[in-house]
Amino acid sequence: MRQTLAQKILQRHTDQPITADGQIVQCRVSLVLANDITAPLAIKSIRGMGVKKVFDKDKVALVCDHFTPNKDIDSAEQVKVVRDFAREMDITHYYEGGNVGVEHAILPEYGLVGPGDIIVGADSHTCTYGGLGAFATGLGSTDVAAAMALGETWFKVPETIRVNFTGKLPEHVGGKDLILFTIGQTGVAGALYKALEFGGEVIDDLSVEARMTMANMAIEAGGKVGLFAADEKTLEYCRAHGRDGDEPIAADPGAAYWKEMTFDVSSFSPQIACPHLPDNVKPVEEVSDVRVDQVVLGSCTNGRISDLREAAAIIRGRKVAKGVRFIVIPASPGAYSMALDEGLLRIFLDAGAIISPPTCGPCLGGHMGILAGGERCLATTNRNFKGRMGSLKSEVYLANPAVAAATAVTGFITHPGKL
Amino acid sequence: MTFKGKTHVVGDHIDTDAIIPARFLVTADTAELGKNCFEGLEEGWVKRVTPGDILVAGENFGCGSSREHAPLAIIGAGMPVVLAKSYARIFYRNAFNMGLLLLELGDDIARIKDGDELEIDVAAGKIANLTSGETIGFNPVPKFMMDMLSGGGLVEYVKRKVEQ
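Residues numbered from 1 in each chain as written. Chains lettered and ligands numbered in written order. Predicted model: local features only at pLDDT ≥ 70, side-chain atom pairs only at ≥ 80, totals over all residues. Heavy atoms only, no water.

1. Structural notes on the overall build of chain B
And then number 1: Broken down by element type, chain B carries 6 helices and 7 strands.
And then number 2: Of the regular secondary structure in chain B, the N- to C-terminal order runs β-α-α-β-α-β-α-β-β-β-β-α-α.
And then number 3: Its C-alpha atoms give chain B a radius of gyration of 15 Å, within 12% of the compact-globule value 15 Å for 164 residues.
And then number 4: By its C-alpha atoms, chain B is 45 × 40 × 25 Å across when sized along the principal axes.
And then number 5: Taken over 164 residues, chain B has a buried fraction of 57%.
And then number 6: Entry remark: accessible area of chain B is about 6400 Å², with carbon and sulfur atoms responsible for 50%.
And then number 7: Placing the 17 positive and 23 negative side-chain charges of chain B at their respective mean positions leaves the two points 4 Å apart. (Helix = DSSP H or I, 4+ residues; strand = E, 2+ residues; numbered from the N terminus. Rg over C-alpha atoms; globule rule 2.2 N^0.38 Å. Buried < 20%, exposed > 50% of the residue type's maximum accessible area, 1.4 Å probe, protein only. Areas by Shrake-Rupley, 256 points an atom, 1.4 Å probe, with all protein chains shown as cover. Lys, Arg positive; Asp, Glu negative; His and termini not counted. Charge placed at Lys NZ, Arg CZ, Asp CG, Glu CD.)

2. Thoughts on the packing of helix 2 (residues 39-48) of chain A against helix 5 (residues 141-150) of chain A
Residues and elements named next belong to chain A.
And then number 1: Put simply, helix 2 and helix 5 touch, their axes get as near as 8 Å, and they point 55° apart. On the basis of the axis angle, helix 2 is oblique to helix 5. Handedness of the helix 2/helix 5 crossing: right-handed. Residue-level contacts link Leu41, Ala42, Ser45 and Ile46 of helix 2 to Ser141, Thr142, Ala145 and Met148 of helix 5.
And then number 2: Classifying every residue of the contact of helix 2 with helix 5 gives 5 nonpolar, 3 polar and no charged. (Axes fitted to C-alpha atoms, helices over the stretch in contact; angles between N-to-C directions. Parallel < 35°, antiparallel > 145°, perpendicular 65-115°, else oblique. Left-handed = near helix turned anticlockwise from the far one by under 90°. Contact = heavy atoms within 4.5 Å. Nonpolar A, V, L, I, M, F, W, Y, C, P; charged D, E, K, R; others polar.)

3. A closer look at the sheet that holds strand 2 (residues 31-35) of chain A
All names here are of chain A.
And then number 1: Read across the sheet, 5 strands follow the order 4-3-2-5-6 without closing on themselves; strand pairing throughout is parallel. The sheet terminates laterally at strand 4 (93-95) and strand 6 (135-138), the two strands that pair on one side only. For this sheet, the mean inter-axis angle between neighbouring strands, taken without regard to orientation, is 15°.
And then number 2: Bridge analysis of strand 2 against strand 5 (residues 118-121) gives 3 bridges, and the strand direction is parallel. Its bridge partner lying in strand 5, Leu33 is registered against Gly121.
And then number 3: Across the face of the sheet, helix 5 comes into contact with strand 2, strand 3 (60-63) and strand 5 while running at roughly 140° to strand 2. (Pairing = 2+ DSSP bridges.)

4. Brief notes about the interface of chain B and chain A
And then number 1: Counting residues at the interface gives 42 residues for chain B and 45 residues for chain A.
And then number 2: Summing the contributions of chain B and of chain A, the shared interface buries around 3600 Å²; its carbon and sulfur component is 62%.
And then number 3: For the chain B face of the interface with chain A, the top three residues by lost area are Val26, Arg89 and Arg93 of chain B, together amounting to 21%.
And then number 4: Here chain B and chain A share 3 salt bridges between them.
And then number 5: A salt bridge links Arg93 of chain B to Asp143 of chain A; its shortest N-O distance comes to 2.9 Å. (Buried area = accessible area lost by both parts, 1.4 Å probe. Salt bridge = Lys/Arg side-chain N within 4 Å of Asp/Glu carboxyl O.)

5. Let's talk about the nonpolar core
And then number 1: Among the nonpolar cores identified, the biggest contains 114 residues, and Leu62 of chain A together with Phe61 and Leu83 of chain B are the most heavily contacted of them.
And then number 2: Counting residues per element, this core draws most heavily on helix 5 of chain A, which supplies 6 residues.
And then number 3: Counting contributing residues per domain, this core is built from domain 1 (5-263) and domain 2 (272-418) of chain A, each supplying no fewer than three.
And then number 4: Those residues in contact with Leu62 of chain A that sit more than four places away from it in its chain are Ala34, Ala39, Val82, Phe85, Ala86, Ile91, His93, Tyr94, Tyr95 and Met148 of chain A.
And then number 5: Counting residues in each nonpolar core, the second largest holds 40 residues, with Leu196, Ala210, Ala221 and Ile329 of chain A among its members. (Core = buried A, V, L, I, M, F, W, Y, C linked by side-chain atoms within 4.5 Å. Domains from an automatic or database assignment.)

Have a look at this one:
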């Protein structure tokens, strides 16, 4: 059988022959992940299961990133539960404090995920690692607890939607715009239960970090995974982050797709997802009169070093508009450190930005930038559901890092080319 | 397995932030989560629920985050079963793992209105709408999921596997 990328990776992790989509298979997992919100529930389930140790202490990652640095007593208590469990189980990859960043930013940087892996995480944006050619998907805490105990989980082999991008990317248009455009086309339920597989000449030229930005938001189309072939660029990224022995992986030519879509990107503008769903997508020109109170640059979608560079290039020598709060959140200690060395933090500070430690923070309405009723934010994050960043009467617009920087400068949603 | 109760209808694409906003995720206690069920949809939404009531939703119910707190909040609010046009996949797994039954009705969901009295017979695959007098079918629950649910959820399943 000519295999899709999803079928190919799943087959490597199961002894059952995969013959068709829709089949239920039991797969061995490469890494199991949970965070400070989802791990406490997983730990409760593990206790209930009577499990005394995890299947492999080197293949479990616990990342306290959502409400950290702990925002209140309750969140501190939750992190304590995770910390005590990590000690008891002698978990190798426990992150809290100076080594912590947004989970989906740090695991690739620490070389814990790579091509051909299966990663399950109690976080819906676990699909980010699809950018490296991994079958990575979010599950609930108890499914993750079972995977921590047994080292395996079940999957329904997903049908695949293949999305091809052709043409040449215009300036200030990148991975975030490609995925927002795709979600605008499919709708938030258009890829329900399905795998998204991205390809074409534009993807071949795209950086690995931009591919992770795209894979990250597969869930916003309802997708199970967002997959990219692992090519020479991927292998170079993996080697640079301490991994050895990874191999390329791609779908077979002529694999059977449930649906194929092809888009020419040559005339694309930066894309904006308007309130209150990620599929309410418009080109930036159509929303350029919208005034904002806050701009957030960060998250597992767009808080990597390439995102900080993109935004800094726009805001360098300029000032944040009066009355606008521009919150910059490097997603990992690595990105923070590089931004320091490259002078990006100086650029942001001189512009009048607020710099936060790495955290998920305001993305999910946790802390570090919550919105009041009637306030509006443009963010490089992934969700603009009603009330996601604070009050039920607030609004969130989603965009790429260059648009975020340009918007911080003018106070209105702005095309970076218009500055 | 049978259920009888009054319905509460919510819309399409109801996300997990609407079911239980992130600010309430500082506990893993079912009853505590239940007190804030749908607080992200409307303040005080849960006050309308009498234990045993039935939740009815549109397309892609439970989209968004992987938080298992979402099905727990619905259980904690006293609603043991959900009917919807369709479900988001992480939520679907989570619900069965937590012991919350989900039935998928497709377009027939439009035949149920807010406040209708329903009687659900899961084995027979039938929903009697006592208010309208109609009988409605639903897509069969995969055997795999039903076994999980009737075996006490995923925790009990793994417990048996670990003991073996």
